[in-house]
Amino acid sequence: MLRNIKLVYRKEILDIIRDRRTVISMIVIPILIFPLITVGLPTLMMSMMTKTKGELQKVAIVNGAAAPGLEEAIESSGKLQIVNTDSVESAILDEEIDAAIVFPSDLQARLDVFDTISVPILFDETENKSEFAMQKLRNVVTDYRKGIIESRLAVRGLQTNLAEPFQVEIRNVASKEKMGSFMVSMFLPYIILILSLTGAMYTAMDLTAGEKERGTMETILVSPIPRWQLATGKFLTIFTTSVIATMLAIVSMTATVAYSVSSGGALSDDIALKITPAAVAVIVLMMIPTASLFSAILMSISLAAKTYKEAQSYTSPFMMVVILPSMVSIIPGIELNLILSVIPFVNISLCLKEAILGNFSPLHIAIIFASTAVYAAIAIFVAHRLFERESVLFSN
Amino acid sequence: MIETRNITKVFGDKKRGQVIAVNNVSFKVMAGEIFGLLGLNGAGKTTTLRILAALMKPNSGQAFLCGIDVVGEPEKAKARLGFLTGSTGLYGRLKAREMIEYFGKLHGLDSKEASVRAGRLMEILDLSEFAETRCDKLSTGNKQKVSVARTMIPDPEVLILDEPTIGLDVIASRTVVQFINSEKGRGKAIIFSTHVMHEAEKLCDRIGVIHRGNLIAIGTPAELKERTAAADMDDAFVELVGHDVAQH
Ligand SMILES: Nc1ncnc2c1ncn2[C@@H]1O[C@H](COP(=O)(O)OP(=O)(O)O)[C@@H](O)[C@H]1O
Ligand SMILES: [Mg+2]
């Protein structure tokens, strides 16, 4: 019995590792995805941001002559270039300029009577460049305003501080590590669940519908080994690819964290990565029943299909069934409770999230592990029953 | 060696409702005998052979291989069986040698024995130079040879061949036909299905004509021709199944 299962298992493993699709979904993507999204993506975004920020932006000043010294201040800020246009709004939309500031023509007269003057800054929020230009303009104008206040106070022989009773300073007391865990805890559960699913998916389709399509299902079914042993060998193969995909992702994640810690630990000025060994242990523990569940469900779904293509169209809706509940980790404020602990995929997603954040509730962990194991056992049973059905194996 | 007793198989079909694919079919095939199952497309040949190979269960009736009930002890029955059809495929990503050895091992051979037998079969079938070639890279003829080798590696006592020459060119069909004849010489009980009349006439000791699930005649090619007063098997077949259906 064990000999047969081992025989089938070894053949299936040999077979699928010669398939490029499996290798990509089982090995390449899981290894690359974590470093890419934690280090690669932010680095890329940061460098794009810095680049845009450093670029010279074009701004227009309406009635600039009314505010003496402002144009000089803008130009000496170094990163803004003044351009003359008639209709600033359309110029912004046409991206001829990035932002504009509008002064009233009677600025000086109204300043003299201590009127409070509204000075609009126009920009296009959908453009990064425009937003940067707006911020720079605002800084320059704020300084300019400060200058006016200071000179007014000076005329009256008063101290500058008079107009500034206090300064507000906002400080984030969360450590860089805590910030890192927070970010990771939102996305990692989702990523791991999806990788576990896609790791199993191609193998499941190849070993069931793919075999029917290529005519090997009939070949293998006439061999004298019981069908359930064949089904078990196939299930174990699918499970293996799912587990390998997940474990490689976890290893890659741990390595990325270790690397980022050794290189100063910081991804940016206020985020650092940190995942504790206990969190890794919980993730590994939870992914075993989860991978079984995915494997058995995908195997059952793909068994119902006659061709690989048909299997793909059957499994895509199931992907959505997994993706949506898995995204619960991204929604802030949802915490595990007894009911959520038995909802498939939602429970795993939240459990991984809490583990990464360092919250371990043994009760929840036990319930989630047990319920997922029960669901997996049911799915394995269904997959085996389907494997015995003529109408599933031989469709006319 | 091969026997069916009143087997009947009914399929539930979405469009056609209940389809009686095989209706109360009984026959026996002895050791050293080639029995041909002759019938039009859809006559029930594949279903009959699948029941014999324990791939499907009959709704009623019994089937035996070497006296073993295929429904009661499918694994034991299949251990005596070589099964080859026009549609049984190969694992494309396995090498020819791996494919053949795998089926030897599934039949209980140890690695060493499987490798010795695979080597010998590949030599007989002129496959040795392709031993390390992946099955999906082989020509149609060589693929069929690998299929023959994987069927023969356990040296089965019973052979069930469902249209084994379908889609093959002349050379590849000849390989299969030669193999059927030589296995007959080695005392195997062979049942094979076809809708090609002259192939059946040339190869078979006895022929069973199956039509719409019913076994309507059984006998040697000579007997069938005599019974219908026909000059060749084609005419005999048309005579047996009736002119109306033979026209399409
Ligand atoms: N798996 C199946 N499901 C439903 N109907 C089937 C199935 N297999 C065969 N049939 C039907 O049973 C009849 C006999 O088919 P088959 O045994 O394949 O004939 P043959 O091999 O002689 O061409 C046909 O009408 C066919 O459509
Ligand atoms: Mg057929």
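Keep in mind that what you see is a predicted model, and the values were worked out from it rather than measured. (Residues numbered from 1 in each chain as written. Chains lettered and ligands numbered in written order. Predicted model: local features only at pLDDT ≥ 70, side-chain atom pairs only at ≥ 80, totals over all residues. Heavy atoms only, no water.)

> Let's hear about the overall build of chain B: which residues, and what values?
Counting secondary structure elements, chain B contains ten helices and ten strands. Taken against the 2.2 N^0.38 rule, which gives 18 Å for 248 residues, the C-alpha radius of gyration of chain B at 18 Å falls within 12% of a compact globule. Taking the principal axes of the C-alpha coordinates as reference, chain B spans close to 55 × 40 × 40 Å. Put simply, chain B has 248 residues, and 54% of those count as buried. Charged side chains in chain B number 33 positive and 31 negative. The centres of these two groups are separated by 6 Å. (Helix = DSSP H or I, 4+ residues; strand = E, 2+ residues; numbered from the N terminus. Rg over C-alpha atoms; globule rule 2.2 N^0.38 Å. Buried < 20%, exposed > 50% of the residue type's maximum accessible area, 1.4 Å probe, protein only. Lys, Arg positive; Asp, Glu negative; His and termini not counted. Charge placed at Lys NZ, Arg CZ, Asp CG, Glu CD.)

> Break down the overall build of chain A for me, with residues and values.
Per the secondary structure count, chain A includes 15 helices and four strands. Taking 21 Å as the expected radius of gyration for a compact globule of 396 residues, we find that chain A reaches 31 Å, considerably beyond that expectation. A principal-axis box enclosing the C-alpha atoms of chain A has dimensions of 105 × 45 × 40 Å. In chain A, which comprises 396 residues, the share counted as buried stands at 46%. Considering only contacts in chain A between residues 6 or more positions apart, those separated by 24 or more positions represent 74%. Here chain A carries 32 positive and 36 negative side-chain charges, and the mean point of each set is 13 Å from the other. (Contact = heavy atoms within 4.5 Å.)

> Describe in detail the pairing of strand β2 (residues 17–29) of chain B, supporting the description with residues and values.
All names here are of chain B. Two elements, strand β1 (residues 2–13) and β2, share nine bridges in a ladder whose sense is antiparallel. Pairing of K9 across the sheet is with V22, part of β2. Between β1 and β2, which pair antiparallel in sequence order, lie three residues. (Pairing = 2+ DSSP bridges.)

> Give a detailed account of the confidence of the model for chain B, specifying residues and quantitative values.
In the predicted model, chain B carries a mean pLDDT of 91, and 98% of its residues have values of at least 70. Complex prediction metrics read pTM 0.84 and ipTM 0.91. (pLDDT = per-residue confidence, 0-100.)

> Lay out the side chain of E354 of chain A with the relevant residues and their values.
Along the polypeptide, E354 of chain A turns up in helix α13 (residues 346–357). Look at E354 of chain A: it is buried, it has no salt bridge, and the nearest opposite charge is K353 of chain A at 6.7 Å. (Salt bridge = Lys/Arg side-chain N within 4 Å of Asp/Glu carboxyl O.)

> Give a detailed account of a negative patch on the surface, specifying residues and quantitative values.
Residue and element names in this part refer to chain B. A cluster of acidic residues, D232, D234, D235 and E239, forms a negative patch on the protein surface. Counting through the fold element by element, D235 comes out in helix α9 (residues 233–241). The partly exposed category is assigned to D235, whose relative accessible area is 39%. (Patch = residues over 30% accessible without salt bridge, like charges linked within 9 Å, V, L, I, M, F, W, Y side chains within 5 Å. Areas by Shrake-Rupley, 256 points an atom, 1.4 Å probe, with all protein chains shown as cover.)

> Run through the confidence of the model for chain A, naming residues and quoting values.
For chain A, mean pLDDT is 88; residues scoring 70 or higher make up 96% of the total. Averaged pLDDT values for the elements of chain A fall to 82 in helix α2 (residues 20–54) of chain A and rise to 96 in helix α14 (residues 362–388) of chain A.

> I'd like to hear about the packing of helix α3 (residues 96–106) of chain B against helix α4 (residues 111–124) of chain B, residue by residue, with values.
Residues and elements named next belong to chain B. Following both chains from N to C, one finds α3 and α4 inclined at 130°, their axes separated by 9 Å at the closest point. By the angle class used here, α3 and α4 are oblique. For the pair α3 and α4, the sense of crossing is right-handed. The residues of α4 that touch α3, namely those facing R97, I100, E101 and K105, are S111, A114, S115, A118 and M122. Of the residues contributing to the contact of α3 with α4, the split by class is four nonpolar, two polar and three charged. (Axes fitted to C-alpha atoms, helices over the stretch in contact; angles between N-to-C directions. Parallel < 35°, antiparallel > 145°, perpendicular 65-115°, else oblique. Left-handed = near helix turned anticlockwise from the far one by under 90°. Nonpolar A, V, L, I, M, F, W, Y, C, P; charged D, E, K, R; others polar.)

> Help me get a handle on the sheet that holds β1 of chain B, residues and values and all.
If you trace the four strands from one edge of the open sheet to the other, you get β2-β1-β4-β5 (chain B), paired in antiparallel fashion. Both edges of this open sheet fall to β2 and β5 (68–69) of chain B, since each of them pairs with a single strand only.

> For the environment of F114 of chain A, give the residues involved together with the corresponding values.
Its location among the elements puts F114 of chain A in the loop between α5 (107–112) and β4 (121–123). When near neighbours in sequence (up to four residues on either side) are disregarded, F114 of chain A contacts R152 and R156 of chain A.

> Got a sec to walk through unusual backbone geometry? Specific residues and values, please.
A positive phi is found at F114 of chain A, a non-glycine position, where the angle reads about 60°. We note that A229 of chain B has phi near 55°; this positive angle belongs to a residue other than glycine. By the element assignment, A229 of chain B lies in the loop between α8 (221–228) and α9.

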